[in-house]
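Survey of secondary and tertiary structure
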Amino acid sequence: MRASRRGTLAFGAALAALAAVPRRPRATDAPGEPWSFERLVERARRLAREPFRPPPRPAPELVEAIDYERHGRIHFRRERALWAEGPGRFPVTFFPLGRFFPHPVAIHAVENGRARPVPFDPSLFESPQGHPWRAIGEAGGFAGFRVHEARSRPDWKTQDWLAFLGASYFRAIGELGQYGLSARGVAIDAAEPSGEEFPAFTAFWLYPSVRVEEPVTIEALLDGPSLTGAFRFLAWRGAGVIMEVEARLFFRRRVARLGIAPLTSMFWYGEHGSSRWLDWRPEVHDSDGLAIWTGAGERIWRPLNNPEVVVVSSFLDRDPRGFGLLQRDREVEHYLDGVRFERRPSAWVEPLDHWGQGAVQLVEIPTDHEIHDNIVAMWVPKEPPPAGGEAAFRYRLFWLADDPYLPREIATVAATRIGRGNEPGKPRALDIFRIVVEFEGRPLDALPHGTLPEPVVDASRGRIASAVVEPVPGTRRLRILFDLHAPGPEPVELRGFLRLADRPLSETWLFQLRPGATG
């Protein structure tokens, strides 16, 4: 791309700024405005009565040139972080604009009940010579921010644990020290034929966390064609990260599918899908299953799929106790990848209010690479609010290694494996599938020697044969094995669990088998 004269002037201005005396990002010295979450709620309510205005895109040609690789070569000067000194225990640094994050967000610091803007300064960032970022200069802006470890830690400049970047996306580090899947403020019309809408956080208000017991408090204004919203996030840094989220939503128009507390992850392939000729690694995924704790108390595990077409699965419920996208497989040799898939966090949503009738919905989108987030899990109310309506939701969000409320009295699904079925020595039939579901956990360890639970397996169509339970050699697991005879390409919904003395001994395994896509 040939630089324009205006770009050359901006480039010179950026060099001058870089040569200036370093300044820390700080709120302006202006008195600021009185601030509270209720003020933000009223701002969002008023904004919903106005027509939607797309956010600005400064220096679009230059920002477009900052692709994924170039974005990673722009570095914030960590020593100049917000609250690198002063009241906040957790310093905050900022992300630059780029091709995938072209809209600047307004940042405010809230201290003593007053909010002051944090002005953008191009000298806060460093980049290589000739990089497009240098030509943006004062026309740039912050694309998002990240919260670093406490200043009391010697590695705070290199370690962060919470980040907000792009649309309404945010993510936190898990207790195994790794980022992975993301959460969103809201999902609008995901997997609808009309196309998905991505409302965005356009402004943030950050509060310093002064004492150890205090959370980091973040407030955000959401804006999009269909709705506005006021969000408050309270985030505690411990073994992992625990957040409390309050969302107040105001609708400009009715939406077809409203996703509350949406989680977004990546699943390319796992142990139940053949990776032959796809990639050299045994498995590639940030999450391997959807876990649900229903309002009636049933525990459900649904392994994820990478389907050939977009698939939406609905799990009807009333007042769910929780759901999450989990990464249960922690074996290094199952991934063999330096990006540490085995350490990716699990995210669990716990409603703090009665959410009424609706469904946990799972959206699975085809992908042929690990760079795409192709999985969405969310709560979808039975009746979305009308145009001009309002809604409020509160929930707790856990970023840990596993489900925080997993009961010890039931076994959990450890693996799902699928192959061709039929009797040994006979040709492998294309419409007979051997399904293997492995379970593990304390209840199985406590079984008397020689005692095996009963397999309970159902299919929405087809015929199940030869269902048995047996130990998995060399492990403390038990597995259900059965053959499914399912002619035709139509999907088969499968359901199974272990039962002992008329009571469930395991969580319920659900799976959607698509015979035409299994090979």
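Described below are features of the structure shown in this document. (Residues numbered from 1 in each chain as written. Predicted model: local features only at pLDDT ≥ 70, side-chain atom pairs only at ≥ 80, totals over all residues. Heavy atoms only, no water.)

Comments concerning the overall build of the chain
Note the following rule: Going along the chain from the N terminus, every DSSP run of H or I of four or more residues is numbered as a helix, and every run of E of two or more is numbered as a strand. To get the radius of gyration, use the C-alpha atoms; to get the globule rule, take the number of residues to the power 0.38 and multiply by 2.2 Å. Working definition: with a 1.4 Å probe on protein chains only, accessible area under 20% of the residue-type maximum means buried, over 50% means exposed, and in between means partly exposed. All accessible-area figures derive from a Shrake-Rupley calculation using a 1.4 Å probe, and residue coverage is judged against the displayed protein chains alone. His is not counted, nor are the chain ends; Lys and Arg add positive charge and Asp and Glu add negative charge. Here the site of a charge means NZ on Lys, CZ on Arg, CG on Asp, or CD on Glu.
Along its length, the chain carries 6 helices and 34 strands. Over its C-alpha atoms the chain spans a radius of gyration of 25 Å, differing by no more than 12% from the 24 Å that the globule rule assigns to 519 residues. Here the C-alpha coordinates of the chain stretch approximately 80 × 45 × 45 Å along the principal axes. Here the chain holds 519 residues, and 53% of them are scored as buried. Accessible area for the chain stands at about 23400 Å²; split by element, carbon and sulfur atoms hold 52% of it. Side chains of the chain carry 67 positive and 67 negative charges; the gap between the two charge centres is 4 Å.

Topic: unusual backbone geometry
If you check the backbone angles, D319 has positive phi at about 50° while not being a glycine. Structurally, the position occupied by D319 is in the loop between β21 (311–318) and β22 (322–326). Look at D319 and you get partly exposed, because its relative accessible area is 24%. We note that S466 has phi near 60°; this positive angle belongs to a residue other than glycine. Within the secondary structure, S466 sits in strand β30 (residues 463–471).

Some points on the packing of aromatic side chains
How we decide: Aromatic rings from Phe, Tyr and Trp, with only the six-membered ring used for Trp, were paired whenever their centres fell within 6.5 Å, and each pair was classed as stacked if the ring planes differed by under 30 degrees, edge-to-face if by over 60, and tilted otherwise.
Counting across every chain of the model gives 31 aromatic pairs. With centroids separated by 5.1 Å and ring planes inclined at 70°, the aromatic side chains of F164 and F233 adopt a geometry described as edge-to-face. A residue pair is termed long-range when its members are at least 10 positions apart, and F164 in strand β8 (residues 160–165) and F233 in strand β14 (residues 227–237) qualify at 69 residues. There is no split in this pair, since F164 and F233 are both buried. Here F201 and F231 contribute two aromatic rings whose centre-to-centre distance is 5.3 Å and whose plane-to-plane angle is 75°, an arrangement assigned as edge-to-face.

Quick notes on helix α2 (residues 37–48)
Worth spelling out the cut-off: The length a helix should cover is 1.5 Å for every residue beyond the first. To obtain the arc, one takes the directions from the helix axis to the C-beta atoms. Note on contacts: a residue pair is in contact if any heavy atoms of the two residues lie within 4.5 Å.
Along its 12 residues, α2 runs 17 Å from first to last C-alpha, staying within 8% of the 16 Å computed at 1.5 Å per residue. Of all the residues in α2, the buried ones are F37, L40, V41, A44, R45, L47 and A48. Buried residues of α2, viewed axially, fall in a sector of 165°; they line one side. As for α2, its buried residues are in contact with β12 (200–207), β13 (216–223), β14, β15 (241–251) and β26 (390–400).

Side note on a nonpolar patch on the surface
As a reminder of what qualifies: Candidates for patches are residues over 30% relative accessible area with no salt bridge; among them, like charges are joined within 9 Å and nonpolar side chains (Val, Leu, Ile, Met, Phe, Trp, Tyr) within 5 Å. Salt bridges are counted wherever a side-chain nitrogen of Lys or Arg sits within 4 Å of a carboxyl oxygen of Asp or Glu.
On the surface, V310, V312 and I365 cluster together to form a nonpolar patch covering roughly 200 Å² of accessible area. Looking at the secondary structure, you find I365 in the loop between β24 (357–364) and β25 (375–381). Take I365: its relative accessible area is 31%, and that puts it in the partly exposed class.

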